[in-house]
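Reading the structure
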4 protein chains.
Amino acid sequence: MKALVYHGPGKKAWEEKPKPAINEPTDAIIKILKTTICGTDLHIMKGDLPTVVAGRIIGHEGVGIIEEIGTEVDNFKKGDHVIISCITSCGKCEYCKKGMYSHCEKGGWILGNTIDGTQAEYVRIPYADNSLHPIPAGADEEALVMLSDILPTGFECGVLKAEVKPGDIIAIVGAGPIGMAALLTAQFFSPAEIIMIDVDDNRLKLAKTFGATHLINSAKEDVLKKIMSLTLKKGVDVAIEAVGLPATFEICQEIVGAGGHIANVGVHGKSVSLHMETLWSKNVTITTRLVDTVTTPMLFKNVQSGKLDPNKLITHHFKLDQIIEAYETFGNASKEKALKVILTN
Amino acid sequence: MKALVYHGPGKKAWEEKPKPAINEPTDAIIKILKTTICGTDLHIMKGDLPTVVAGRIIGHEGVGIIEEIGTEVDNFKKGDHVIISCITSCGKCEYCKKGMYSHCEKGGWILGNTIDGTQAEYVRIPYADNSLHPIPAGADEEALVMLSDILPTGFECGVLKAEVKPGDIIAIVGAGPIGMAALLTAQFFSPAEIIMIDVDDNRLKLAKTFGATHLINSAKEDVLKKIMSLTLKKGVDVAIEAVGLPATFEICQEIVGAGGHIANVGVHGKSVSLHMETLWSKNVTITTRLVDTVTTPMLFKNVQSGKLDPNKLITHHFKLDQIIEAYETFGNASKEKALKVILTN
Amino acid sequence: MKALVYHGPGKKAWEEKPKPAINEPTDAIIKILKTTICGTDLHIMKGDLPTVVAGRIIGHEGVGIIEEIGTEVDNFKKGDHVIISCITSCGKCEYCKKGMYSHCEKGGWILGNTIDGTQAEYVRIPYADNSLHPIPAGADEEALVMLSDILPTGFECGVLKAEVKPGDIIAIVGAGPIGMAALLTAQFFSPAEIIMIDVDDNRLKLAKTFGATHLINSAKEDVLKKIMSLTLKKGVDVAIEAVGLPATFEICQEIVGAGGHIANVGVHGKSVSLHMETLWSKNVTITTRLVDTVTTPMLFKNVQSGKLDPNKLITHHFKLDQIIEAYETFGNASKEKALKVILTN
Amino acid sequence: MKALVYHGPGKKAWEEKPKPAINEPTDAIIKILKTTICGTDLHIMKGDLPTVVAGRIIGHEGVGIIEEIGTEVDNFKKGDHVIISCITSCGKCEYCKKGMYSHCEKGGWILGNTIDGTQAEYVRIPYADNSLHPIPAGADEEALVMLSDILPTGFECGVLKAEVKPGDIIAIVGAGPIGMAALLTAQFFSPAEIIMIDVDDNRLKLAKTFGATHLINSAKEDVLKKIMSLTLKKGVDVAIEAVGLPATFEICQEIVGAGGHIANVGVHGKSVSLHMETLWSKNVTITTRLVDTVTTPMLFKNVQSGKLDPNKLITHHFKLDQIIEAYETFGNASKEKALKVILTN
């Protein structure tokens, strides 16, 4: 089969690899129908993730058809269409039993990381019963690719951790795919105002069409001043960090009000300065989380009922064998006005 | 001044009464701008509520202007426009400190019950700081009448108690004003499906325009069968009882699924049969509550931001001195296709 | 092997049965070390449970040694000592993923019900990874028999559902094994007062030594009057029903205060009268639940750290082959002053 | 009357001041019976708090008798014995209605800060109904001084914010009065293990008698190594920071496990380094809070029922006019083996 292979920092190729086979009776082999590229994949390609070794097939998102199934898989059969969760869950360890699948002792984020991933014609999924989700006939499978990672990430790490509630004024720092996923799913809880903060006017304009009520270009405007004016000097109820830089985390600390929440979603490479000299008495909650994909079944229900439209996040389409070109586009997201790209096999 | 006075079962009159005056430094006198009639007022008129004595001015909802203000009121001044909460809160007792204003040791539901109410040109509001809400200039005051009682009741007793959450399948039994208030505010939490159950096709049709996804006329259809079909035999996540009869409470017990919630909002006159022989193992939560109006500030924010449109509940308009006629209309709600009526002073 | 077999209403025998074998690779065969008898077993013996057919080996509690292990079991190996959970969990279905193991689509309460149980020399446990708990060397295995069912039941269905919190005044109706389990575990949350209600003075006296602060013999005293006196007429914060009769459920409704919880633990055979005519406005929460045994790992930690002593619940000891005699004793619990009996293989 | 007056950095005097009088009808004048000194008072004396001006009477804790009462105070009368809350709550503002009394728009921490405090023979308490708590006859008033600040602070900012639960392994960094208050009140939720970390062996020894299960002297031992050994390399469920320094906050970050909580109680003077490069995926919650004293009524119930013994925190006794000497002792807490001192008027 063909697959996208990482060959060390800056090197990747769409090349022939052996088709995966069942290793364990709890495995499934999936024929990929559609996959996508994640911001994390760009980091991998730069060599930022030491867990990813040369020779690895990349990718942790996608939908597909079950091609082959292990004898111990109960929930699925050959021919079923499925969503592949970016997080693999054994369903048996202490963490899985607590719903912390990202910390699964045998799984977690392993796809396209420590085992071969989904940017390929076929992929092997361990613990299939707990790591795949069924797709009924007639569902919009392209939309459902967004349930592999981006939507549960924005929702679980951003919206749920921040405890967004009706009437809240919330701010989302970063209007990339993750910030946009938080923007779409924050509306499940009907905050009164959603302030989107980014440096890219195009993305901010798009955020408006996704439901943002206020836009701030932090390269051009005084974020703190504008937020304090919007909140009658109280600060926001919720600040969602969807970038992963000290500067954007700093914004969150400045704008959060007494009793408020900072939910970090961004992947950070270095430590940040936490202003305990002012925060200590402010009744603030700061959270971190890697997505567990526990909410995928719920998100699926709201996609099916029309309460959530994942297609809003999809800006570009490619054939799977055009994946090198797709990486180019996604890697120049601002110039290309790209959010998520769909690769069809 | 003129006021609607209860004169014993079946007897009421729009008649001259003394204008109220400040009794306590924590009081405010409000000139009523707009008020409405509650289903409870109909019960009072029938003589169902022994706490309401002949001679009482009825009514516990409305917006108005502060005409006079006690010396100990800090949050308001003469001339302010305000929402009158149906629940009076002293802000100092054990229950108020816990947010259970309906159980306030000195207040609770007293307006138009144990003290004179709002269906009058003026009303005295005790503990004004904790029992009124400010209306900023330019707000839609007619819409805000719905924040006195009906919307917080549907939201607090129905939606919040039932813990409606994204992806849920919920059923609301009763499409009268309270059921409709639950329907509008349940959508704050983005349930996947909202099933509305009533015997009045007109109300059901209206519910559809308010956001219901499925309608069941319980006089014509087999509720249990239809619900089980819609829920793949699992039953609903949430059943909200918005009628107050044994038969409607029975429906809730039949349709609720394992792990589900029954939130009672209806006012019951007699006991119901609780099927513990099947429910004991079903992991079901049943709740009751009288509205506390703790969520009024939040509801106000979502009205202001356009997330909630209370005008949907308003079907008829009268002058305040047409109140006898308004009672006629509201008392024949089904025939008149009435939900809430607005009385303007 | 020898086992206790149900032969229809009123008939049971300690007799020879084939030793169980691995059916599925997720199974384990356990050699029973210690088991016990549950109140539910008495109901089975009377013929009250139609799911239990003649020929069934009874029992759903116990500790043992793994004798044989399926190829797909990861968490255990031959020779491991384990607690057998009364609830079998597949770990893969919708309900298991939500922690509602009692509603597991393939498991739930099946042991000694729809499959052979633990009152035998050996038992087959399906889905061993998710239905057994490891016992480290040196642990008090007799105490741990109480973690199979009775302690998680009292804790999950009573204490957790009722949301017992520091400072609460709680009442437990029924001082049998389940009520006593609730009494022991309610103290995890440090309620200010624990009122124990029963008709058996001996059990009440024992409850005092387990941490009850007030005792009421409902056969001799006016429960409502005494509770109202103890609570300054406010009623209790929590009432735990640990009997399963209309009369005891009635007591709970009478004594619960505004904002309070009624947590039902008792197994009911018929419907009860729910006094909605008074409860509708009282802000009361009523819950039901079958134990899920999700808290067994937590309970185990508190047993190991000395925060919980399950031995308090054990009143009698027998050899496993004396089980007919043990049933006699346990069936005459009041006369024999019995709570839980231990049967040692 | 006599009072302790702050005269600028390093200068204080026990001197004559005018006896306070009722300013507002919601005030009460309290004759102090017993008061104490807080760590914050030491900071004030050094000049660290710019809000405290020279001439201010210090102190925000104590119990007393109502000497005079404003006309609008309902809950108390002259002669009542009361606990003075360190936080003043108006009961009417947005924050008070949310239970965030520390952010009260007219109150908050003002006693011995922006208005005269309790280290005096008399003190004026604004908003008495919401800022005092009644003491019934026969209560241990000395113990109740600990309910003014230290116990609610340890409980609300440490234990509640950290969501301590049965079975948890928790660590408390700092065995001063605040850490000890967290230690005593954490036991309300029955954690399996409580690890106390400090540099003072005397305080650690005392912590053991208060319920700590493990002690670590961070000056002598490798905290991280010891914690990882105790937690099977998983880290603690809860780390409570009760010091207020970058180094102790650092310890908390190192030892917290996946899914864990860091609850900051310490007052910080500068920013700390937050290791987002490792924490981002760890599912960690970090909280800050100034005490709101919303739990004082609950703590009082558990003192009365014997579930909490505040006397454990009291190490020294003085007459109120020996307050300068008391400051000496409290200021040399380690040498004097002091936790809290009681000053009796």
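Structure shown above.
As the structure is a prediction and not an experimental result, all values here were calculated from the model.

What follows concerns the overall build of chain A. Looking only at helices and strands, chain A has 13 helices and 16 strands in total. Its C-alpha atoms give chain A a radius of gyration of 20 Å, near enough to 20 Å, the size a compact globule of 345 residues would have. Taking the principal axes of its C-alpha atoms as reference, chain A extends roughly 60 × 40 × 40 Å. In chain A, once contacts between residues fewer than 6 apart in sequence are set aside, the share between residues at least 24 apart is 69%. Per element, the accessible surface of chain A, about 12000 Å² overall, is 53% carbon and sulfur. Within chain A, the 41 negative side-chain charges are centred at a point lying 3 Å from the centre of the 36 positive side-chain charges.

Attention shifts here to the relation of the copies chain A and chain D. Comparison of the two chain copies shows a relationship of rotation about an axis with a shift along it. Its rotation angle being 180°, the transformation that places chain A on chain D also includes 0.0 Å of axial translation and leaves an RMSD of 0.0 Å. One copy is carried onto the other by what is essentially a two-fold rotation axis.

Here we take up the packing of aromatic side chains. The final tally for this structure, using the stated rule, is ten aromatic pairs over all chains. Ring geometry for Phe 155 of chain B and Phe 188 of chain B: centres 5.5 Å apart, planes at 75°, overall edge-to-face. Separated by 33 residues along the polypeptide, Phe 155 of chain B in helix H5 (residues 150-160) and Phe 188 of chain B in the loop between helix H6 (177-186) and strand S9 (193-198) bring together distant segments of the chain. In this structure, Phe 155 of chain B and Phe 188 of chain B share a single accessibility class: buried. Of the aromatic side chains, those joined through ring pairs into one cluster are Phe 155, Phe 188 and Phe 189 of chain A together with Phe 155, Phe 188 and Phe 189 of chain B. We note Lys 19 of chain A situated over the ring of Tyr 122 of chain A; from NZ or CZ to the ring centre the distance is 4.4 Å.

Residue and element names in this part refer to chain D. Backbone geometry places Tyr 127, a non-glycine residue, at a positive phi of 45°. Using a relative accessible area of 16% as the deciding quantity, one classes Tyr 127 as buried. Non-glycine residue Lys 233 carries a positive phi angle of around 70°. As for its placement among the helices and strands, Lys 233 is situated in the loop between helix H8 (223-230) and strand S11 (236-241).

Each pair of packed helices gets described by two things: the angle between the helix axes and the distance between those axes. All names here are of chain C. It is at 10 Å that the axes of helix H8 (residues 223-230) and helix H9 (residues 246-255) come closest, and there the two elements cross at 30°. The crossing of H8 and H9 is right-handed. Here Val 223, Leu 224, Ile 227 and Met 228 of H8 come into contact with H9, specifically with Ile 251, Glu 254 and Ile 255. Class assignment of the residues belonging to the contact of H8 with H9 gives a composition of six nonpolar, no polar and one charged.

Overlaying chain C on chain A yields an RMSD of 0.0 Å, the required transformation being a rotation through 180° with an accompanying axial translation of 0.0 Å. A shared binding surface is used by both copies, with 100% of the interface residues of chain C retained as interface residues in chain A.

Tallying the contact residues gives 35 residues for chain A and 35 residues for chain D. Summed over both partners, the interface of chain A with chain D buries about 3100 Å², with 56% contributed by carbon and sulfur atoms. Between Lys 234 of chain A and Glu 94 of chain D there is a salt bridge, and its shortest N-O distance comes to 2.3 Å. The interface formed by chain A and chain D includes 20 residue pairs in polar contact (both at pLDDT 80 or more).

All right, on to the environment of Val 5 of chain A then. Residue and element names in this part refer to chain A. Here Val 5 shows up in strand S1 (residues 2-6). Between the C-alpha atom of Val 5 and that of Lys 17, which follows or precedes it by twelve residues, the distance is 8.7 Å. Apart from the residues within four sequence positions on either side, Val 5 is in contact with Lys 11, Lys 12, Ala 13, Glu 15, Lys 17, Gly 55, Arg 56 and Ile 57.

Time to look at the sheet that holds strand S14 (residues 285-287) of chain D. The sheet built from twelve strands is open, its strands ordered S10(A)-S9(A)-S8(A)-S11(A)-S12(A)-S14(A)-S14(D)-S12(D)-S11(D)-S8(D)-S9(D)-S10(D) with mixed pairing. Every interior strand has two partners, whereas the edge strands, strand S10 (214-217) of chain A together with strand S10 (214-217) of chain D, have only one. Averaged over all pairs of adjacent strands, the angle between their axes in this sheet comes to 15°, without regard to strand direction. Strand direction decides the pairing type here: strand S14 (residues 285-287) of chain A and S14 of chain D, joined by three bridges, are antiparallel. In the strand pairing of S14 of chain D, Thr 285 of chain A is matched with Thr 287 of chain D. Each of strand S8 (169-173), strand S9 (193-198), S10 and strand S11 (236-241) of chain A touches helix H8 (residues 223-230) of chain A; the most contacted strand, S10 of chain A, lies at about 160° to it.

Attention shifts here to the interface of chain C and chain A. Contacts between chain C and chain A engage 13 residues on the former and 13 residues on the latter. Both sides together, the interface formed by chain C and chain A hides about 1300 Å², and carbon and sulfur atoms give 30% of it. Of all residues in chain C, the largest losses of buried area upon contact with chain A belong to Glu 72, Lys 92 and Lys 97 of chain C, amounting jointly to 44% of the total for that side. Across the pair Asp 74 of chain C and Lys 92 of chain A runs a salt bridge whose closest N-O atoms are separated by 3.4 Å. Our enumeration of links across chain C and chain A arrives at 14 residue pairs in polar contact (both at pLDDT 80 or more).

Here we take up the pattern of salt bridges. Enumeration according to the criterion identifies 68 salt bridges over all chains in this entry. Between Lys 92 of chain A and Asp 129 of chain C there is a salt bridge, and its shortest N-O distance comes to 2.6 Å. Of the two residues, Lys 92 of chain A sits in the loop between strand S5 (81-84) and helix H2 (94-97) while Asp 129 of chain C sits in helix H3 (residues 128-131), which places them in two different chains. Residue Lys 92 of chain A shares its accessibility class with Asp 129 of chain C, and that shared class is buried. What emerges from the salt-bridge pattern is a single network uniting Asp 74 and Asp 129 of chain A together with Lys 92 and Lys 106 of chain C.

The next point concerns the sheet that holds strand S8 (residues 169-173) of chain C. Read from one edge of the open sheet, twelve strands run S10(B)-S9(B)-S8(B)-S11(B)-S12(B)-S14(B)-S14(C)-S12(C)-S11(C)-S8(C)-S9(C)-S10(C), paired in mixed fashion. For this open sheet the edge positions go to strand S10 (214-217) of chain B together with strand S10 (214-217) of chain C, each flanked by a neighbour on one side alone. Pairs of neighbouring strands in the sheet enclose a mean axial angle of 15°, with direction left out of account. Against the sheet, helix H7 (residues 201-210) of chain B contacts S9 and S10 of chain B, and its axis sits at roughly 170° relative to S10 of chain B.

Here we come to the packing of helix H5 (residues 150-160) of chain C against helix H6 (residues 177-186) of chain C. Residues and elements named next belong to chain C. Between H5 and H6, the least distance of the axes is 8 Å, while the angle of their chain directions is 70°. In terms of orientation, H5 lies roughly perpendicular with respect to H6. Across the interface between the two elements, Ile 150, Leu 151, Thr 153, Gly 154, Phe 155 and Val 159 from H5 touch Pro 177, Ile 178, Ala 181, Ala 182, Leu 184, Thr 185 and Ala 186 from H6. Of the residues in the contact of H5 with H6, the class split is ten nonpolar, three polar and no charged.

Further remarks concern the state of the cysteines. Inspection of the entire model under this criterion finds zero disulfides over all chains. No disulfide involves Cys 104 of chain C; its sulfur sits 3.6 Å from that of Cys 96 of chain C, the nearest cysteine.

Take the environment of Ser 218 of chain C next. Residue and element names in this part refer to chain C. With respect to the helices and strands, the residue Ser 218 is situated in the loop between S10 and H8. The exposure class assigned to Ser 218 is partly exposed, which follows from its relative accessible area of 25%. A sequence separation of 29 residues divides Ser 218 from Ala 247, and the C-alpha atoms of the two residues are 11 Å apart. Ignoring any residue separated from it by four or fewer positions in sequence, one finds Ser 218 in contact with Ile 197, Asp 198, Val 199, Val 223 and Ile 251.

All right, on to the pairing of strand S9 (residues 193-198) of chain C then. Residues and elements named next belong to chain C. Burial analysis of S9 places five of its six residues in the buried class, which makes it a mostly covered element. With five bridges joining them, S8 and S9 adopt parallel strand pairing. Bridge pairing in S9 places Ile 170 opposite Ile 194. As a crossover connection, the stretch from S8 through H6 into S9 is right-handed. The parallel pair S9 and S10 is bridged by helix H7 (residues 201-210), and the resulting crossover is right-handed.

The rules behind these values
- Residues numbered from 1 in each chain as written.
- Chains lettered and ligands numbered in written order.
- Predicted model: local features only at pLDDT ≥ 70, side-chain atom pairs only at ≥ 80, totals over all residues.
- Heavy atoms only, no water.
- Helix = DSSP H or I, 4+ residues; strand = E, 2+ residues; numbered from the N terminus.
- Rg over C-alpha atoms; globule rule 2.2 N^0.38 Å.
- Contact = heavy atoms within 4.5 Å.
- Areas by Shrake-Rupley, 256 points an atom, 1.4 Å probe, with all protein chains shown as cover.
- Lys, Arg positive; Asp, Glu negative; His and termini not counted.
- Charge placed at Lys NZ, Arg CZ, Asp CG, Glu CD.
- Least-squares fit on C-alpha atoms with pLDDT ≥ 70 in both.
- Phe/Tyr/Trp six-rings, centres within 6.5 Å; stacked < 30°, edge-to-face > 60°.
- Buried < 20%, exposed > 50% of the residue type's maximum accessible area, 1.4 Å probe, protein only.
- Lys NZ or Arg CZ within 6 Å of the ring centre and 35° of its normal.
- Axes fitted to C-alpha atoms, helices over the stretch in contact; angles between N-to-C directions.
- Left-handed = near helix turned anticlockwise from the far one by under 90°.
- Nonpolar A, V, L, I, M, F, W, Y, C, P; charged D, E, K, R; others polar.
- Buried area = accessible area lost by both parts, 1.4 Å probe.
- Salt bridge = Lys/Arg side-chain N within 4 Å of Asp/Glu carboxyl O.
- Polar contact = N/O pair within 3.5 Å; in protein donor to acceptor, adjacent residues only side chain to side chain.
- Pairing = 2+ DSSP bridges.
- Parallel < 35°, antiparallel > 145°, perpendicular 65-115°, else oblique.
- Disulfide = S-S within 2.5 Å.
- Right-handed = clockwise from strand over helix to strand, strands pointing away.

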